[in-house]
Amino acid sequence: MKKKKEIIIAISAILFTLTLFIRMPQALQLILILVAYVLVGKDTVLLAVKKIERGDFLDENFLMTVATLGAILIGEYPEAVAVMLLYEIGELFQGYAINKSRKSIAAMMDIKPEYANVIRDNKTQRVDPDEVELGEIIEIRPGERVPLDATIIKGETSLDTSALTGESVPVEAREGANILSGCININGLITAKVTKEYFDSTVNKVLDLVENAAAKKSKSERLITRFAKVYTPIVIGLAILLALLPPIISGEYNFRLWVFRALSFLVVSCPCAFVISVPLSFFSGIGAASKAGVLIKGGNYLEALAKVDTVVFDKTGTLTKGVFNVQKVVVHDKNIDENEFMFYVASAESGSNHPISKSIQKYYNKEIDNTSINSIKEISGKGIEAIINNKKVLVGNEKLVNLPKDISVTDVGTLLYVEIDNVFSGYIVISDEIKEDAKKAIKELKNIGIKKNIMLTGDLEKVAKKVGEDLELDETYSNLLPQDKVSKFEEIIKNKTSKGSVIFVGDGINDAPVLARADVGIAMGAMGSDAAIEAADVVIMTDEPSKIVTAIKSSKKTMKIAMQNMALAFGIKVIALILSALGIADMWMAVFADTGVTILAVLNSFRALKVEK
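Residues numbered from 1 in each chain as written. Predicted model: local features only at pLDDT ≥ 70, side-chain atom pairs only at ≥ 80, totals over all residues. Heavy atoms only, no water.

Q: Quick rundown of the sheet that holds strand β20 (residues 501-506)? Include the residues and the values.
A: Pairing is mixed across the open sheet formed by 7 strands, whose spatial order is β10-β22-β21-β20-β11-β18-β19. Each of the sheet's edge strands pairs with one partner strand only, and the pair in question is β10 (294-296) and β19 (475-477). The mean inter-strand angle of the sheet, taken between neighbouring strand axes irrespective of direction, is 20 degrees. Strand direction decides the pairing type here: β20 and strand β21 (residues 520-524), joined by 4 bridges, are parallel. Bridged to Gly506 within β21 is Ala523. (Pairing = 2+ DSSP bridges. Helix = DSSP H or I, 4+ residues; strand = E, 2+ residues; numbered from the N terminus. Axes fitted to C-alpha atoms, helices over the stretch in contact; angles between N-to-C directions.)

Right, here's the structure in full:
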């Protein structure tokens, strides 16, 4: 279709050029000019007529039709063709720009898997991904796209996650690893168990987010839409007055001169640059951010991100890894060594699936001899009581284990005290680790002008304080239940003196209420819960807090470009309107003020496609 349009424009341009530079009979010249006009202008004129029939015609098609047909009626044939020809060339460039912007998202749209290899009755069948049920076993071969979220049960491979995360480094995955739909299996044959149906899969949610982002318009986009509807009838009215009043008031009744000026006025007044360039800037910005692994759900959130001055973080899974590890083992009983000490603790904890228990099993890294375990009893809110090799073992907090008065523990983290056969034997320090990327994120947020970085957590005060100090956060609040987080967040908004946006960054189910309340809620999508991703306005597909900086930089750049486009279009339009009304600007200058400004604004919008990392 576009190729056909290019050919028509080329033929029309050739015919028009012939009439300007080659001597020919006047009748032939007129015929060629009119043929050139019909070829290049028929679609615009027909669209204007259809819109008149529907009663919704006050747009650029109507303005161009009235201006060019009016020029023909008063005998200004070359100007009529030139206006329509340059207008269509502008529309063609505009189409190229939009396609380029769409291609920035096209790679992401390509993540949609075409099929899944599901194993049924010991046979591999190729089916549509949405036909695979929860719990079924699928086979993913080298070079194929992962069709559904799943857990590897056999094999190991490297995964290309760039389409989802924007990261080019392959990720190693082996048995037990969770894999996301949309990734590409690089080199190994793997078998996996489906953990989510296609409707709930990562790839489907990502596609849905990107496809629906354009529907959520920013205030700037809505303003432009409303402006165009009011602006068009006003300029038509002014053009009519310009054609009628001056010749009547002057008494010269030179209607031909003033009609021509009114037509030039109409050409200048076309709101193309306003209507196209601002939404295109937002579309480009959202597309560029998606390539970097940041999904912004709409232009309204992109606009709010550009105004942010306060960032509130959850701790676990957002600033920290959300993975508990044994940081320190202290043995006080001189009659046992660390290996024996850990044997008793790991055996006592072997019956629990709690993250702390798993961290102990991981640290011990030996198979537990179940025959040595006589009994295990979990005591709610305190810890575990077990009989191991006929010895009574207590592993828990100070409510379960009596800490000797001469022992002072100053370590920060979750403390497990251990008592073996009524003798205090030592303690273990377990803590979450701060993400390597977190410190960089906080530093860069301060560098781009964020006034406050705050952390809300349900963790203990001393743990939260240590994380806050290590990351150089401005404020830290601890011991918060989910409802307390919402209350504290409301308090932060209430006490804020600036007019900037407040964003919240979280990843857990308990973060969903705060994410929904924030001006912009950001979910750490790679590890985040479904509830957090659904409630959030922005989803970061990697586990890197520094991508928040990428999102803010992208939004600020997009808003700057959108404002530049508005200022450029408005400034040149006003000058050209005044000049055309005074008769200083001819039809050619009017064409530049319309089509030329549109092309410049569209080209400027291209800059939003590049994301600063």
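Q: Tell me about unusual backbone geometry, and please be specific about residues and values.
A: At Asn365, a position not held by glycine, the phi torsion is positive, near 55 degrees. Locating Asn365 in the fold gives a position in the loop between α12 (355-364) and β13 (373-379).

Q: Break down the sheet that holds strand β6 (residues 171-173) for me, with residues and values.
A: Within the open sheet, the 3 strands sit side by side as β6-β5-β8. Their pairing is antiparallel. Each having just a single partner strand, β6 and β8 (184-185) make up the two edges of the open sheet. The sheet contact formed by strand β5 (residues 157-160) and β6 spans 3 bridges and is antiparallel. Bridge pairing links Ser158 to Glu172 in β6.

Q: Residues and numbers for the environment of Val423, please.
A: With respect to the helices, strands and loops of the structure, Val423 is situated in strand β17 (residues 423-434). By relative accessible area, which is 38% here, Val423 ends up partly exposed. Here the alpha-carbon distance between Val423 and Leu394, two residues 29 residues apart in the chain, equals 9.8 Å. Apart from residues no more than four positions distant in its own chain, Val423 is found in contact with Asp333 and Val418. (Buried < 20%, exposed > 50% of the residue type's maximum accessible area, 1.4 Å probe, protein only. Contact = heavy atoms within 4.5 Å.)

Q: Mind laying out the pattern of salt bridges, listing which residues take part and the relevant values?
A: Inspection of every chain in the model, using the stated rule, returns 13 salt bridges. Between Lys496 and Asp309 there is a salt bridge, with its nearest N and O atoms 3.7 Å apart. Of this pair, Lys496 sits in the loop between α15 (482-495) and β20 while Asp309 sits in strand β11 (residues 308-314), and the two are 187 residues apart along the sequence. We note that Lys496, like Asp309, is buried. Each of Lys321, Glu433 and Glu436 takes part in salt bridges that share partners, so that together they form one network. (Salt bridge = Lys/Arg side-chain N within 4 Å of Asp/Glu carboxyl O.)

Q: Please provide a residue-by-residue account of helix α13 (residues 438-447), values included.
A: Along α13, the positions that sit buried rather than exposed are Ala438, Ala441, Ile442 and Leu445. The arc that holds the buried residues of α13, viewed along the axis, is 95 degrees, so those residues lie on one side. Residues Lys443 and Asn447 are exposed on α13 and point more than 90 degrees away from its buried face. Each element contacted by the buried residues of α13 is listed here: β11, β17, β18 (452-456), α14 (461-471) and α18 (547-582). Count one or two residues on from α13 and you reach Gly449, which has phi positive near 100 degrees. (Arc of directions from axis to C-beta.)

Q: So what's going on with the packing of helix α11 (residues 338-349) against α12? Which residues, and what values?
A: In contact at an axis separation of 9 Å, α11 and α12 are set at 145 degrees when each is read in the N-to-C sense. The two elements α11 and α12 meet at a crossing, and its hand is left-handed. Touching Glu338, Asn339, Met342, Phe343, Val345, Ala346 and Glu349 of α11 are Ser357, Ile360, Gln361, Tyr363 and Tyr364, all from α12. Within the contact of α11 with α12, the residues separate by chemical class into 7 nonpolar, 3 polar and 2 charged. (Left-handed = near helix turned anticlockwise from the far one by under 90°. Nonpolar A, V, L, I, M, F, W, Y, C, P; charged D, E, K, R; others polar.)

Q: Tell me about the side chain of Ser357, and please be specific about residues and values.
A: Along the chain, the position of Ser357 falls in helix α12. Looking at Ser357, the relative accessible area reads 2%, which means it is buried.

Q: Any chance you could break down the pairing of strand β9 (residues 190-194) for me, citing the residues and the numbers?
A: The buried fraction of β9 is high, at 4 of 5 residues. In terms of strand pairing, strand β3 (residues 137-140) meets β9 through 4 bridges, oriented antiparallel. Along β9, the bridge assignment pairs Ile138 with Ala192. Where strand β4 (residues 150-154) lies against β9, 4 bridges are found, and the strand directions are antiparallel. In the sheet register, Thr151 faces β9, and the bridge partner there is Lys193.

Q: I'd love a proper account of the packing of α13 against α18, names of residues and values included.
A: To describe two helices that pack against each other, one gives the angle between their axes and the distance between the axes. At a minimum axis separation of 8 Å, α13 and α18 run at an interaxial angle of 25 degrees. It follows from the interaxial angle that α13 and α18 lie roughly parallel. Counted together, Ala441, Glu444 and Leu445 of α13 and Ile548, Val549 and Ile552 of α18 form the full contact between these two elements. Each residue belonging to the contact of α13 with α18 can be placed in one class, and the counts come to 5 nonpolar, no polar and 1 charged. (Parallel < 35°, antiparallel > 145°, perpendicular 65-115°, else oblique.)

Q: I'd like a description of the pairing of strand β1 (residues 116-120), backed by residues and values.
A: Sheet topology places β1 next to strand β2 (residues 123-127); 5 bridges connect them, and they run antiparallel. In the sheet register, Val118 faces β2, and the bridge partner there is Gln125. Hairpin connection, β1 to β2: the antiparallel pair is bridged by 2 residues, and Asp121 has positive phi, about 55 degrees. Here β1 pairs with β3 via 3 bridges, running antiparallel. Counted as the bridge partner of Ile119 is Ile137 from β3.

Q: Account for the nonpolar core, naming residues and giving values.
A: If you look at the biggest cluster of nonpolar residues, it comprises 38 residues, and the most contacted ones within it are Leu305, Ile503, Ile522 and Ile548. The biggest single contributor to this core is α18, with 7 residues. Those residues in contact with Ile548 that lie beyond four places of it in its chain are Phe313, Leu445, Ile503, Val505, Ile522 and Ile540. In terms of nonpolar packing, the next biggest core, distinct from the first, is built from 25 residues, Ala348, Ala386, Leu416 and Ile428 among them. (Core = buried A, V, L, I, M, F, W, Y, C linked by side-chain atoms within 4.5 Å.)

As far as function goes, none of this settles anything; it's purely spatial.
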